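Breakdown of the fold
For reference, the chains in residue letters:
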Amino acid sequence: MELSQLPDELRAEIKRIIDDEVEKKTRGFSDALDQLRLQVEKSGCAGEQEDRATLVVFSGEMDTLFAACTIASGAAAMGMEVSMFFTFWGLNAIRVGRSFKGKTITEIMVACMMPGGPKSVPTSRMNMAGMGPRFFKYLMKKRNVEELPNLVELIQDLGVRMVACETSMMVMGVKREELIEGIDYGGVATYLEDAAKSKITLFI
Amino acid sequence: MADLELDCKAISCPMPIVRVAKAVKSMTPGQTLEVQATDPSFQADIEAWARRTGNELVSFTTQDDVHSALIQLKG
């Protein structure tokens, strides 16, 4: 028997049952979808992550700083936002000089033992009492590789967010006037906030 | 003839890519940029840069150790 041949009442009843069933099924489906969306939002994955790279610059040698600055400038060139956190020996990369004014004896001792800036940092290997850096500078110049101080200037010019760790500044007795201008100052939470929303995080 | 020509010869990584990124900022969508470079990693780098930034690497040629890349900015 064809559906159209059924009495109107029966057809209306069948239609009502089907509509009810469809509604029940799809309601469950959309509920599940809403729940899933809520879960994703709660876990903080939705929209939190930026196209950002965050680097901790801990070591302060010519070669390691060169790697850090190269990655930072490359990331900026690739259109990424970049944050760099300079802590402990890494502070040497953003020093403009040494000052002894208003420092304690121990702070002056540390200042004497630290290089005065990216121009005078040692190499991590084959330093040979300062011969290493000179040798590598010669090699890099010969191969047209940008020098470290220029790279530090470059990353600042590219809009990389540079943050100096205030705790390590305090420990080493580094004053703000000894560091380059236009940088931010912060602590571990400042780093973690940027790192948590970054696709790339490095400790160099 | 490209809208802008950029000479990145005799400079090393990361400078060619950085110079390209800086040049692109001064250009308008759809324009073309021709870059010449001698850095050995230039081909791999410019290809990755183009993929990442969504710009098109129209052509890449090498003659006498000089690489030449033609880039069309996304419209």
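Please refer to the structure higher up on the page.
What counts as what
Residues numbered from 1 in each chain as written. Chains lettered and ligands numbered in written order. Predicted model: local features only at pLDDT ≥ 70, side-chain atom pairs only at ≥ 80, totals over all residues. Heavy atoms only, no water. Core = buried A, V, L, I, M, F, W, Y, C linked by side-chain atoms within 4.5 Å. Buried < 20%, exposed > 50% of the residue type's maximum accessible area, 1.4 Å probe, protein only. Helix = DSSP H or I, 4+ residues; strand = E, 2+ residues; numbered from the N terminus. Contact = heavy atoms within 4.5 Å. Axes fitted to C-alpha atoms, helices over the stretch in contact; angles between N-to-C directions. Parallel < 35°, antiparallel > 145°, perpendicular 65-115°, else oblique. Left-handed = near helix turned anticlockwise from the far one by under 90°. Nonpolar A, V, L, I, M, F, W, Y, C, P; charged D, E, K, R; others polar. 1 Å grid on protein atoms, 1.4 Å probe; cavity = no way out; pocket = protein on both sides within 12 Å on 5 of 7 lines; lining within 4 Å. Points joined across faces, edges and corners; volume = space filled by probe spheres on them. Buried area = accessible area lost by both parts, 1.4 Å probe. Salt bridge = Lys/Arg side-chain N within 4 Å of Asp/Glu carboxyl O. Polar contact = N/O pair within 3.5 Å; in protein donor to acceptor, adjacent residues only side chain to side chain.

Looking at the nonpolar core
Counting 61 residues, the largest nonpolar core has Met-84, Ile-94 and Met-162 of chain A together with Val-20, Ile-46 and Trp-49 of chain B as the members making the most contacts within it. A per-element tally of this core places helix α2 (residues 62-77) of chain A first, with 9 residues. Dropping the residues within four chain positions of it, Met-162 of chain A is found in contact with Met-84, Phe-86, Ile-94, Val-152, Ile-155, Gln-156, Ile-180, Ile-183 and Asp-184 of chain A.

Let's talk about the packing of α2 of chain A against helix α5 (residues 148-157) of chain A
Residue and element names in this part refer to chain A. Between α2 and α5, whose axes approach to 10 Å, the crossing angle comes to 30°. The pairing of α2 with α5 is recorded here as roughly parallel in orientation. The way α2 lies across α5 gives a crossing that is left-handed. Facing Met-62, Leu-65, Phe-66, Cys-69, Thr-70, Ala-72 and Ser-73 of α2, the residues of α5 in contact are Leu-148, Leu-151, Val-152, Leu-154 and Ile-155. Residue composition of the contact of α2 with α5, grouped by class: 10 nonpolar, 2 polar and no charged.

Side note on the layout of surface pockets
For the largest pocket, the calculated volume is near 370 Å³. In terms of lining, the largest pocket is formed by 22 residues, of which the most central are Ala-77 and Gly-79 of chain A together with Ala-21, Val-24 and Lys-25 of chain B. Broken down by secondary-structure element, the contributors of at least two residues to the lining of the largest pocket are α2 and β2 (81-86) of chain A together with α1 (15-25) and α2 (42-53) of chain B. Considering every element that reaches the lining of the largest pocket, the biggest residue donor is α1 of chain B, with 4 residues. Of the residues assigned to the lining of the largest pocket, the class counts are 13 nonpolar, 5 polar and 4 charged.

A short note on the interface of chain A and chain B
Contacts between the two partners involve 15 residues from chain A, matched on the other side by 14 residues from chain B. A combined buried area of about 1200 Å² lies between chain A and chain B, and 64% of that area is made up of carbon and sulfur atoms. It is Ala-77, Met-78 and Asn-144 of chain A that lose the most area in chain A upon contact with chain B, and together they represent 43% of the buried surface on that side. Counting every contact that joins chain A to chain B gives 2 salt bridges. A salt bridge links Arg-52 of chain B to Asp-51 of chain A; the shortest N-O distance between them is 2.4 Å. Counting the contacts that link chain A with chain B gives 6 residue pairs in polar contact (both at pLDDT 80 or more). Elements supplying a minimum of two residues to the side of chain A that touches chain B: α2 and α5 of chain A. Across the side of chain A that touches chain B, the residue classes tally to 7 nonpolar, 3 polar and 5 charged.

Side note on empty space enclosed by the protein
Residues and elements named next belong to chain A. Enumeration over the complete set of coordinates arrives at 1 cavity of 30 Å³ or more. Every residue lining the largest cavity is listed: Met-62, Pro-118, Lys-137, Met-140, Glu-147, Leu-148 and Pro-149. Listed by contribution, the elements that provide at least two residues to the lining of the largest cavity are α4 (131-142) and α5. The residue inventory of the lining of the largest cavity, partitioned by class, reads 5 nonpolar, no polar and 2 charged.

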